[in-house]
Amino acid sequence: MPDQPAPVPPDDPSRELKVARPDEDQSLPHIGLVGDTYTILVDGQDTAGKYTLIDMHVPPGGGPPPHRHDFEEMFTVLDGEVRATFRGQTITVKAGETINIPANAPHSFTNAAATPSRLLCMCAPAGQEQFFTLVGQPVATRTQAPPPLTPDEQQQVIAKSRSLAPQYDTELLPPPPR
């Protein structure tokens, strides 16, 4: 006789509904990192560690350097467009489009447009929001740019990122050759 699927577990009443209103709720964490502003909408505590959802405000020229990590990452572009590089191939992702980055694949993205872009980023399982919180700096709103860093401060953030990345299943990669 074939195995029967496990029944759906009962509801866990200790878990609560999470409503995120990033344009209204300034108590949400707004994190300035690499010139972008990332607002943590839903964190691992809200999802029993299953995923995190991050609202990304990316100014022209913004976006993370090449990296890879041992978790899935999905981006939906809400406004603007970004140029995403995945395993060395570059595509343009426009408003209304979604891409999924498989775990461990090298990738990056850049806002190559003249206006800010807005993305939703889901990471599964959760944890990336903790990394961002530890290496970024708090800012007041979803669209506030982080203050510019001096070259010394930039080096400190890079060193801290490199030090913490392995704890968050992340590897920072060198920039592509020019």
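Structure's up top.
On to the packing of aromatic side chains, then. We describe a pair of aromatic rings using the distance from one ring centre to the other and the angle between the two ring planes. Per the counting criterion, the structure on display carries four aromatic pairs. Between the aromatic rings of Phe 75 and Phe 109, the centroid separation amounts to 5.1 Å while the plane-to-plane angle is 70°, which identifies the pairing as edge-to-face. Of this pair, Phe 75 sits in strand 5 (residues 72-79) while Phe 109 sits in strand 9 (residues 107-110); the two residues are 34 residues apart in sequence, bridging distant segments of the chain. In this structure, Phe 75 and Phe 109 share a single accessibility class: buried. On the numbers, 5.8 Å between centres and 45° between planes, the contact of Phe 131 with Tyr 168 is tilted.

Another aspect to go through is helix 1 (residues 128-135). Since the α-helix turns once every 3.6 residues, residues separated by three or four places project in the same direction. All buried positions along helix 1 are accounted for by Gln 128, Glu 129, Phe 131, Phe 132 and Val 135. Looking straight down helix 1, one finds its buried side chains confined to an arc of 160°; they lie on one side.

Okay, the nonpolar core next. Grouped together as the largest cluster of nonpolar side chains are 25 residues, with contacts concentrated most on Ile 54, Met 56, Phe 75, Phe 109, Leu 119, Phe 131 and Phe 132. Among the secondary structure elements, those contributing two or more residues to this core are strand 2 (36-42), strand 3 (52-58), strand 5, strand 6 (81-86), strand 8 (98-101), strand 10 (117-124) and helix 1. Here Phe 132 is in contact with Ile 31, Leu 33, Tyr 38, Ile 54 and Met 56, once residues within four sequence places are set aside.

The next point concerns unusual backbone geometry. Omega for the bond connecting Ala 124 with Pro 125 falls within 30 degrees of zero, at 0°, which places this linkage in the cis form. Structurally, the position occupied by Pro 125 is in the loop between strand 10 and helix 1. You will see that Arg 87, though not glycine, has its phi angle at about 50°, which is positive.

Conventions and cut-offs
Chains are numbered independently. Their residues run from 1 in the order of the written sequence. Totals for whole chains, interfaces and linings use every residue, but because this is a predicted model, local features are given only for residues with pLDDT of at least 70 and side-chain atom pairs only at 80 or more, for both listing and counting. For side-chain calculations, the full set of non-hydrogen atoms in the structure is used, while hydrogens and water are omitted. In this scheme Phe, Tyr and Trp rings, the latter by its six-membered ring, pair at centre separations within 6.5 Å, and the angle between planes marks the pair as stacked below 30 degrees, edge-to-face above 60, and tilted otherwise. Think of it this way: any DSSP run of H or I at least four residues long counts as a helix, any run of E at least two long counts as a strand, and we number them from the N terminus. Here the term buried applies to any residue with accessible area under 20% of the maximum for its type, exposed to any over 50%, and partly exposed to those in between, with areas from a 1.4 Å probe on protein chains only. Arc definition: directions from the helix axis to the C-beta atoms. We define a nonpolar core as any set of buried Ala, Val, Leu, Ile, Met, Phe, Trp, Tyr and Cys residues linked to one another through side-chain atoms lying within 4.5 Å. Contacts between residues were defined by any pair of non-hydrogen atoms, one from each residue, lying within 4.5 Å.

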